[in-house]
Amino acid sequence: MSLSKLDKASRIAILNCMGAKKNEKILIITDKIIREIGYSLFNNSVALGFNSLLVEMKPLSTNGEEPSVEVAKLMQEFDIVFCPTSKSLTHTNARREGASKGARIATLPSITKEVMIRGLNADYKKISRLSFKIKNILDNSNYVKITSHSGTNLSFSIKGRKAIASSGLFLKKGEGGNLPTGETFLAPVEGSANGILVIDGSIAGFGIIKNGNLKVKVRNGFAAKIYGGTLATKVNAKLNKFGKNARNIAEFGIGTNHKAKLSGVLLEDEKVLGTIHIAFGNNIIMGGSVNVPIHIDGVVKKPTVLLDDKLIMVDGKLLI
């Protein structure tokens, strides 16, 4: 029987990205919205001979919301965990606790069949090399300034912060990240970000920005004011549910996946080569101190990025 493109992508995720070994146990957590991906990972895991369990839970209401106690406990009992869910489990205590027990956990929030097929067929060795190259530069930098033709003019400190290279190869106990992936990211120092952020690519939970950009006035590490019509009203309402810390400037990331395209699915959009992304809310997973049950990323197209006194990207083109 010939394999479908989705089957092939699922097997790449299982065998190559997660490096599944004989006798390892695999857990797939999904919901009805992303069920097609969940079942593909489960069926291919079983076909490859792995002891596998599929759990379908009720869809969560926001990225970063904790799953049930039962689901969280299961995440600590398997060698490999896939989370193709409609809302992200990446920034949850459940994921962190599972990783602390040695589980290798891949989160696939809001993934579609098209994103799965396109993103998993990238050259992950190439992505890994670039991701770690950027990590080394970020780890030895203190200050970031981002500008863009759409109006971004944002700066912040990263002094003492260590970047995470999400290379798509999660082979050691406790490792994990998004699939598909291809980014290097870190948490800016809390309270240090100031300036204007213009999100002109896409934003998590709302898709591609089409009618006017989302403008954010950043003051002392928080999104003090967000404006830009109906979209701004919706984003403000979402953040306001979780208090001031939801407006924390939580993440700075650089996309490194040469296959990724701006699709409206943030999982893919933030990985697009030639973009950066800034997130609001939770930053615990990347070495920060803000633990709030929400994390919203916004993508900036064709930015110029200055690290200390060195340009590493001009109009979306990496110079490294």
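Residues numbered from 1 in each chain as written. Predicted model: local features only at pLDDT ≥ 70, side-chain atom pairs only at ≥ 80, totals over all residues. Heavy atoms only, no water.

1. Looking at helix H6 (residues 124–139)
Point 1. End to end, H6 covers 22 Å across 16 residues, agreeing with the expected 22 Å (1.5 Å per residue, within 8%).
Point 2. When we look at burial in H6, the residues that qualify are Tyr 124, Ile 127, Ser 128, Leu 130, Ser 131, Ile 134, Lys 135, Ile 137, Leu 138 and Asp 139.
Point 3. The distance from a side-chain oxygen at the start of H6 to the backbone nitrogen of Lys 125 is 3.2 Å, and the residue carrying that oxygen is Asp 123. (Helix = DSSP H or I, 4+ residues; strand = E, 2+ residues; numbered from the N terminus. Expected span 1.5 Å × (residues − 1). Buried < 20%, exposed > 50% of the residue type's maximum accessible area, 1.4 Å probe, protein only. Polar contact = N/O pair within 3.5 Å; in protein donor to acceptor, adjacent residues only side chain to side chain.)

2. Observations regarding the sheet that holds strand S18 (residues 304–307)
Pairing between sheet strands relies on hydrogen bonds along the backbone, with the strands arranged either parallel or antiparallel.
Point 1. Pairing within the open sheet is antiparallel, and its eight strands lie in the order S14-S13-S10-S6-S5-S18-S19-S20. Looking at the sheet topology across the chains shown, the edges are occupied by strand S14 (222–227) and strand S20 (317–318).
Point 2. Relative to strand S19 (residues 310–314), S18 runs antiparallel, the two being bridged by three bridges. Across the sheet, Val 305 pairs through a bridge with Met 313, a residue of S19.
Point 3. Across the sheet, helix H7 (residues 229–240) lies against strand S13 (214–219) and S14, angled at about 145 degrees from S14, the strand it touches most. (Pairing = 2+ DSSP bridges. Contact = heavy atoms within 4.5 Å. Axes fitted to C-alpha atoms, helices over the stretch in contact; angles between N-to-C directions.)

3. Some remarks on a nonpolar patch on the surface
Point 1. A cluster of nonpolar residues, Leu 311, Val 314 and Leu 319, forms a patch on the protein surface that exposes about 230 Å² of accessible area.
Point 2. Within the secondary structure, Leu 311 sits in strand S19.
Point 3. Taking relative accessible area as the criterion, Leu 311 reaches 40% and is therefore assigned partly exposed. (Patch = residues over 30% accessible without salt bridge, like charges linked within 9 Å, V, L, I, M, F, W, Y side chains within 5 Å. Areas by Shrake-Rupley, 256 points an atom, 1.4 Å probe, with all protein chains shown as cover. Salt bridge = Lys/Arg side-chain N within 4 Å of Asp/Glu carboxyl O.)

Keep in mind these values describe shape, not function.
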